[in-house]
Amino acid sequence: MDLSTSYLGLNLKNPIVPSASPMSRTVGSVRLMEDYGASAVVLYSIFEEQIRHETKEMYHHLTYHAESYAEATSYFPEMHEYHSGPDEYLNHIRKLKEAVSIPIIGSINGVTDGGWVEYAKLIQQAGADALELNIYYIPTDPNMSSDDIEQSYLDIVKDVRNQVSIPVAVKLSPYFTSLSNIAKRLDKIGVNGLVLFNRFYQPDINLDTLNVEPGVILSSSDSLRLPLRWIGILYKKINADLAATTGVHTAEDVLKLIMAGANVTMMCSALLRHGPRKIREVLTGVQQWMVEHEYASLNDMRGSMSHQSVADPSSFERANYMKALQSYM
Amino acid sequence: MSEIKREMVNIDGNEAAAYVAHKTNEVIAIYPITPSSNMGEWCDQWSSEGKKNIWGTVPIVAEMQSEGGASGAVHGALQTGSLTTTFTASQGLLLMIPNMFKIAGELTSTVFHVSARSIAAQGLSIFGDHSDVMSTRSTGWAMLCSHNVQEVMDFALISQAATLESRIPFIHFFDGFRTSHEVMKIEELAISDIKAMMNDKLITEHRQRALTPEKPVMRGTAQNPDVYFQARETVNPFYDRCPNIVQKAMDQFAKVVGRQYHLFDYYGAPDAERVIVLMGSGSESVHETVDALMENGEKVGVVKIRLFRPFSMKHFIEAFPVTTKSIAVLDRTKEPGGAGEPLYQDVITALHEMHTTSESKFKAYPKVIGGRYGLSSKEFTPAMVKGIFDELSKEKQKNHFTIGINDDLGHTSLEYDPNYTTEKNDVIRSLFYGLGADGTVGANKNSIKIIGEETNFFGQGYFVYDSKKSGSTTVSHLRFGPRPIRSTYLISRANFVACHQWQFLEKFDMLTSIIDGGTFLLNSPFPKERVWGNLPLVVQEQIIKKKLNFYVIDGNAVAVKTGMGSRVNTIMQTCFFAISGVLPKEDAITAIKTSIKKTYGKKGEDIVKMNYAAVDATIENLFKVDYPNELTSTITLPPVVPDHAPDFIKNVTAKMIAGQGDSIPVSRLPIDGTYPVGTTSWEKRNIATEIPSWDSEWCIQCGKCALVCPHATIRIKVYDNALAEGSPESFKHMPYKGNEYKGQAYTIQVAPEDCTGCGICVEVCPAKNKKETKYKALNMVPQPAVRDQEKKNWDYFLTIPEADRRTVDVKTIKGTQFLQPLFEFSGACTGCGETPYVKLVSQLFGDRTIVANATGCSSIYGGNLPTTPWTKNNDGRGPAWSNSLFEDNAEFGYGMRLSLDKQVEYARELLIQLIPQLGEGIVNSILSSTQHDEMEIYTQRERVKELKKLLPAINTPESKQLTQLADSLVKKSVWIMGGDGWAYDIGFGGLDHVIASGRNVNILVLDTEVYSNTGGQMSKSTPRGAVAKFAAGGKPIGKKDLGLIAMSYGNVYVAQIAMGANDLQTVKAIQEAEAYDGPSLILAYSHCIAHGINMTKGMNAQKLAVDSGHWPLYRYNPALTKEGKNPFQLDSKMPKIKLEDFEYNEIRFKMLTKMDPEKAKLLLRQAQEDVMKKWRFYEQLAAMNYATPAAATNGH
């Protein structure tokens, strides 16, 4: 049974890649995910904004009250060691590269032009096998056009692509006027993979406190539909690899996404709920299904149910909605 | 002299002493006390960085629970053969005296480095003089005095060498602050220098004297009248040899390093007739003055005392020129009732012995006068020195004089011409006025380093801080010149003055200190075209009169633009270099940037870039002002206090506030340290940029805003509607919502000039504006815009009567906030976490409370002059407050309780004796009153008032006695307050004894889990994993459970509270503690700037502490056991957030993740386990069955 696949030029033993999540924060849990069969791991995102904030916060608190009062010219000991900025993240990559044999994909969320490139280079130096750019932008300014936004995505990717030699994937949001178009333009500037899709924290209102509170709701298999559609549509229309993320919980989910055209299927919520052993369960399920349905390799089924391969491509299009509605009734 | 290239360094005295101490010792036991704390901190830091001593091993640095403990540990380490030292000052040194007698009696080699400081007498002082070291004269220690920072480093080594050879222990001392904190460019001793001075043979001998079971001996026997005396005399030869040994070490030092010192160094005219004798930093001022006077041909000189003990009379006399006719001996200490101060007496003795035992070297027996100078860092200037030399010229000289003050009471002071100066024109003298928070001092320390490293100039920096912890101002005095700088006094003739904060223009007349043609740099919100018109008149006058070069920059705008926030430090520093001409501009900019990289490089590239950007933007925004030659301003400086203030406030307090305290004559000051209360209300500091504004439309009248206010600047009153009618137009009020005062008006009012703008009230306000939820019932607004209007409203608010205490429901938060705070407008940090508790106690019981306050933050914001926050109500009643010491506060309060209990007991006895005259009615009603609530207390007061009316008519000794004691019949509450440094560490023994006594005292521990006042040293309350000084690598063990220890007595009321987590529990616990007729201990979680948090969210930090289980809330009320109930009640719920969600909200924990991530993870895990273990233990305590067995079987 051949479960192997290729993603970002990396030969992977199977399509299950844990996506960026807190589970990759310790060497122990990454090792566990490897043991349970993960073929690569996307590390949690390094947030430039957070790092900058932390650096400034530390600086503020260590200096703000100093030299104000004769008895206490400072309130903290001098820090003789200081792991500032992305040091911790980079050390983590180095440790993981020693501890596990599966590919490690670094993930960045930047806020400044310089930040993306700087961190990308550092992550490459630290030994990551590939890079995932976790770009998101909530356009609250009505004066900003979709062109402006798309151009900023392209600029970031171009800058990073020009500065690092490791493969680069982009994690996209589904909220583009023309997703196919942006995917094509990213593809054209040499992006190696698209990760579909980013799941945002969505705001909620707390009626007791009248505060807006961001929160994350873990996905279920139902969330799979959105990436399934777009992977199906984009398959073979662009050169970049396609990674499905969001809604991958079962062997069936994996099979569907591969059939739609995904190179890899990324898991997060299911692992947070059930632990890394879920990976083995899903892989076993995939193998069983393939045995039962006489598939020798995943490559045989990849794209078999894509927009271009199905008998009725319109099923991926708008009419699909009406059909679904009708069939439900 | 060796050819070693030694590094020039720019450091202060404390660092200089610590450098040698760390290199030449193996064990260092310390305890923080100002101004010596930094020495221990340096050593701790170096050891934690793995820095080794000259023998290649890292010294152990151990923080003890007190100076007494430190000296005990030192004694033990010495007795077992290790080279051991400690650092201390003031009361700390006094606590070491018992061990010092032992160490000297056992002829044990050690050096204690002391930054000499005043001793608390009529008042505490953290500043420098020789009172502490002079108190140790009889201990048998040698005393070597350093006069400047270079000497501190040199003498630290010389004393170390001399103690090993002489076997006499040494105090190596230097002036607190003036030398300990003065930054100077000095030559650092090389390791080879230190090694050359350390004699291995002597170290071996030191070790061989150690206690060891291999060669057991007895040391420390008890001796009897037959031998003690003789044994005491055995040491004499060691003291006889000691001066020569010190001189030998000085000579050896000269050979190795090149600087030659003597036991007594004479400087001056070889044929001097007038000589001043003194020791310490003051000798530098005298040296400088002698130089200036000699240039005018005057025959003057100075004898600088180096080795004060053992006092070598021979060497001392030898130091003088034979021409000496008159001598002034200056002591920086006071010994009331003595024949003279210590040095004076030694000089008299030396001259007398010389005169009576040998042929005098002098042509005539010199006249000698003695005087006191410089107590508590009082200025000692060349003008004063000249005044003393002038006195020595007089036929009739004043003896036992004082200099530098106006003693119009004892008429001891010498006259002098304050305008006399010795400052040379080639010395750049700069003054910088800044805020603590704007980074001015740090930038100036940095400038000294830059100039020291980039030029051949010698530099000196001395920094003056004010007495408040919030909105504090700093004045930096910087000198740069071609020669070593001996000016150990503040700059009064500056050629450069920088004002880093615009608002200072109306507070300080800073241009009186600038010379004609000097440069004035102003951080101005106005552009160069408009700045002139906005200057106060007095500033315009001086700029024109002195023809100043006037520069402006909008430093705050540059800071905001470049991400520096409120830190204008780098910006103003760049301006200084750009216009002062100390360095060529381009070189200076490069040097600043190099220095920025060095200072901030490891803190993150962003910080470096931000500072670089600030430097670049500064140059573009710095302008010279072309000002007119005419006065245009109508802005005059407001009076310091209003005209209607009492005389004491106008004549004393206002002068201190205005920075003119030096001019207050002796006769104006209280003779016994007793000061009026409520003086902060006269000092309008206006430090807030924003203050809260009340929007009554949304207010739910919960009272939380006033409860949490650290400075009692937001107040609530409920009052007769009619009073609202005549209020100022902008005065806000609304109908009271509850039933108890139905129909009355309700107002929340802010004291606009006293508010520090912390924003905690807005943060805790639960009432949101329902139309726009970003607003609440309280919102911060810019202070200047509303200041005048709110001043009027505040004044009106004060005229509204306070609530009748009998009607207030003190079981509710809103009820407690109708009670007048009798602790207001303290100088505590903006957003302080301690003061809301203190204020609450003052509201609940202030009119019948006596406070014993341990030294620490609470005694400083509670009792530091010029103005103090404890106040009284309209009846004239309020808390009476005192601070004894750091270590004895529980005992101090206990003594108060004993005294009050005795007075009540005696008064009751007298009442009974007077029944025949007074009648049973009033006597019985007074005796039987329980005084459990405000109504009963009020009634008892009325009875006592009545009693006092009756007593004068009864002409018996008993009635006279009772007249004096009658007020004691109204219940008094004793509150013993202090921080965790006191309660957990230095005062724990006393606290333990007091809670075991059963007496009715209330102990409030303001627990910040760190020594806050002295700058963040670890206490036994510091939690596992927190970074603190002396726990630089994160505290490895958990905190002491003081509450549990107290509970173990069974009869102590104990509560653990955190206002930000559960305010009602706080109110309940404080009231139960007070009501409990026995000892009570309240542990109050107090957020603190030493936690590294956003202080506006301090109450939220408290909530996280509780929610994570770090600080469980509970009450243990022994009174419940009598009812068969469990006395222990858990008031918080099971931990509901992870400990890291609490910890990593605070820099004290978070910084370990940046320094040592693995250790941070380990300690966090252990701390999380601690939390759960403790929680389970408390749960079991709370579940215990206290019912009697019989009751239990009955199913209870």
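Rules used in this analysis
- Residues numbered from 1 in each chain as written.
- Chains lettered and ligands numbered in written order.
- Predicted model: local features only at pLDDT ≥ 70, side-chain atom pairs only at ≥ 80, totals over all residues.
- Helix = DSSP H or I, 4+ residues; strand = E, 2+ residues; numbered from the N terminus.
- Rg over C-alpha atoms; globule rule 2.2 N^0.38 Å.
- Buried ≥ 20, exposed ≤ 12 C-beta atoms within 10 Å, placed from the backbone.
- Contact = placed C-beta atoms within 7 Å.
- Pairing = 2+ DSSP bridges.
- Axes fitted to C-alpha atoms, helices over the stretch in contact; angles between N-to-C directions.
- Parallel < 35°, antiparallel > 145°, perpendicular 65-115°, else oblique.
- Left-handed = near helix turned anticlockwise from the far one by under 90°.
- Nonpolar A, V, L, I, M, F, W, Y, C, P; charged D, E, K, R; others polar.
- Core = buried A, V, L, I, M, F, W, Y, C linked by C-beta atoms within 7 Å.
- Domains from an automatic or database assignment.

## Quick look at the overall build of chain B
Helix and strand content of chain B: 42 helices and 35 strands. Its C-alpha atoms give chain B a radius of gyration of 32 Å, within 12% of the compact-globule value 33 Å for 1196 residues. For chain B, the C-alpha atoms occupy an extent of roughly 95 × 90 × 75 Å along the three principal directions. Looking at chain B as a whole, 53% of its 1196 residues are labelled buried. If you take every contact in chain B between residues at least 6 apart in sequence, the share linking residues at least 24 apart comes to 76%.

## Some points on the sheet that holds strand β14 (residues 367–373) of chain B
All names here are of chain B. Read from one edge to the other, the open sheet built from 6 strands follows the order β9-β11-β10-β13-β14-β15, with strand pairing classed as mixed. Pairing within the sheet leaves two strands with one partner each, and these edge strands are β9 (264–268) and β15 (401–403). Neighbouring strand axes in the sheet, compared pairwise and without regard to direction, differ in orientation by 25° on average. The sheet contact formed by β9 and strand β11 (residues 300–305) spans 5 bridges and is antiparallel. Looking at β11, one finds that Gly-268 is bridged to Gly-301. Packed on one face of the sheet, helix α11 (residues 282–295) meets β9, β10 (274–278), β11, β13 (326–331) and β14 and runs near 160° to β11. Here helix α14 (residues 382–393) sits on the sheet and contacts β10, β11, β13, β14 and β15; the angle it forms with β10, its principal contact strand, is near 130°.

## Overview of the sheet that holds strand β25 (residues 734–735) of chain B
All names here are of chain B. Pairing within the open sheet is antiparallel, and its 3 strands lie in the order β24-β26-β25. Of all the strands in the sheet, just β24 (714–719) and β25 have a single pairing partner and so form its edges. Two strands pair when backbone bridges link them, and β25 and strand β26 (residues 745–750) are joined in this way by 2 bridges, in the antiparallel orientation. If you follow Pro-735 over to β26, its bridge partner there is Ala-745. Packing against the sheet, helix α25 (residues 783–799) makes contact with β24 and β26, and its axis sits at approximately 130° to β26.

## Focus on the packing of helix α15 (residues 440–454) of chain B against helix α19 (residues 585–600) of chain B
Residue and element names in this part refer to chain B. Closest axis-to-axis distance for the α15/α19 pair is 10 Å, and the angle between their directions is 120°. Judged by the inter-axis angle, α15 sits oblique to α19. Crossing hand, α15 versus α19: right-handed. The residues of α19 that touch α15, namely those facing Asn-446, Lys-449, Ile-450 and Glu-454, are Asp-587, Ala-591, Ile-592, Ser-595 and Thr-599. Grouping the amino acids of the contact of α15 with α19 by side-chain chemistry returns 3 nonpolar, 3 polar and 3 charged.

## Comments concerning the pairing of strand β32 (residues 1053–1057) of chain B
Residues and elements named next belong to chain B. Among the 5 residues that make up β32, 5 are buried, leaving the element largely enclosed by the rest of the structure. Neither face of β32 is open: one carries Tyr-1053, Ala-1055 and Ile-1057, the other Val-1054 and Gln-1056, and all of them are buried. Strand direction decides the pairing type here: β32 and strand β33 (residues 1080–1085), joined by 5 bridges, are parallel. Along β33, the bridge assignment pairs Ala-1055 with Ile-1082. Sheet topology places β32 next to strand β34 (residues 1114–1116); 3 bridges connect them, and they run antiparallel. When the bridges of β34 are listed, Val-1054 appears paired with Tyr-1116.

## Thoughts on the nonpolar core
With 321 residues, the main nonpolar core has Ile-276, Val-277, Val-497, Cys-705, Cys-761, Leu-1004 and Ile-1082 of chain B as its most contacted residues. When residues in this core are grouped by element, the largest group, 10 residues, is from helix α6 (residues 149–166) of chain B. Ignoring anything within four residues of it in the chain, the contact list for Leu-1004 of chain B reads Tyr-837, Val-841, Trp-975, Met-977, Ile-1082 and Ala-1084 of chain B. Formed by 85 residues, the second largest nonpolar core is a distinct cluster that contains Ile-93, Leu-242, Ala-244 and Val-282 of chain A.

## A closer look at the interface of chain A and chain B
Of the residues lining the interface, 32 residues belong to chain A; the matching set on chain B comes to 38 residues. Looking at the side of chain A that touches chain B, the element that brings in the most residues is helix α2 (residues 48–63) of chain A, giving 8 residues. For the side of chain A that touches chain B, the class distribution of residues is 14 nonpolar, 11 polar and 7 charged.

## Quick notes on the environment of Pro-382 of chain B
Among the secondary structure elements, Pro-382 of chain B is positioned in helix α14. Linking Pro-382 of chain B and Ser-487 of chain B, residues 105 residues apart in sequence, is a C-alpha distance of 8.5 Å.

## Examining the pairing of β26 of chain B
Counted residue by residue, β26 of chain B has 6 buried out of 6 residues, so it is predominantly covered. On β26 of chain B, burial covers both faces: Ala-745, Thr-747 and Gln-749 of chain B on one face and Tyr-746, Ile-748 and Val-750 of chain B on the other are all buried.

## Some points on the packing of helix α27 (residues 835–845) of chain B against helix α37 (residues 1063–1075) of chain B
Helix-helix packing is described using two parameters, namely the angle between the two axes and the distance between the axes. Residues and elements named next belong to chain B. The N-to-C vectors of α27 and α37 enclose an angle of 55°; their axes lie 11 Å apart at closest approach. Considering the angle they form, α27 stands oblique to α37. For α27 against α37, the interelement crossing comes out right-handed. Taken together, the residues of α37 that come into contact with α27 (itself represented by Leu-840, Val-841, Leu-844 and Phe-845) are Ile-1070, Gln-1071 and Glu-1074. Tallied by class, residues from the contact of α27 with α37 come to 5 nonpolar, 1 polar and 1 charged.

## Here's the deal with the domain arrangement of chain B
All names here are of chain B. According to the domain assignment, chain B contains domain 1 (8–256), domain 2 (262–403), domain 3 (428–624), domain 4 (677–819), domain 5 (904–969) and domain 6 (1009–1183). For domain 2 and domain 3, the distance between their C-alpha centres works out to 39 Å. Taken together, the 9 residues of domain 2 in the interface contact 5 residues of domain 3. Grouping the amino acids of the side of domain 2 that touches domain 3 by side-chain chemistry returns 1 nonpolar, 5 polar and 3 charged.

## With respect to unusual backbone geometry
Each neighbour pair has its own omega, and for Leu-196 of chain A with Phe-197 of chain A the value is 5°, a cis peptide bond. The residue Phe-197 of chain A is located in the loop between β8 (193–196) and β9 (202–206) in this model. Pro-866 of chain B follows Leu-865 of chain B through a cis peptide bond whose omega is 15°. Relative to the assigned elements, Pro-866 of chain B resides in the loop between α28 (857–863) and β29 (880–882). A positive phi angle, close to 55°, is found at Glu-67 of chain A, a residue other than glycine. Mapped onto the elements of the fold, Glu-67 of chain A is located in the loop between α2 and α3 (87–99). Judged by local crowding, Glu-67 of chain A falls into the buried class, with 27 C-beta atoms found within 10 Å. We note that Lys-547 of chain B has phi near 50°; this positive angle belongs to a residue other than glycine. Locating Lys-547 of chain B in the fold gives a position in the loop between α16 (537–545) and β21 (549–553). Given 11 C-beta atoms within a 10 Å radius, Lys-547 of chain B is considered exposed.

## Quick look at the environment of Met-79 of chain A
Along the chain, Met-79 of chain A turns up in the loop between α2 and α3. Note: C-alpha distance between Met-79 of chain A and Ser-223 of chain A (144 residues apart in sequence) is 47 Å. Beyond its immediate sequence surroundings of up to four residues, Met-79 of chain A is in contact with Met-1151, Lys-1154 and Met-1155 of chain B.

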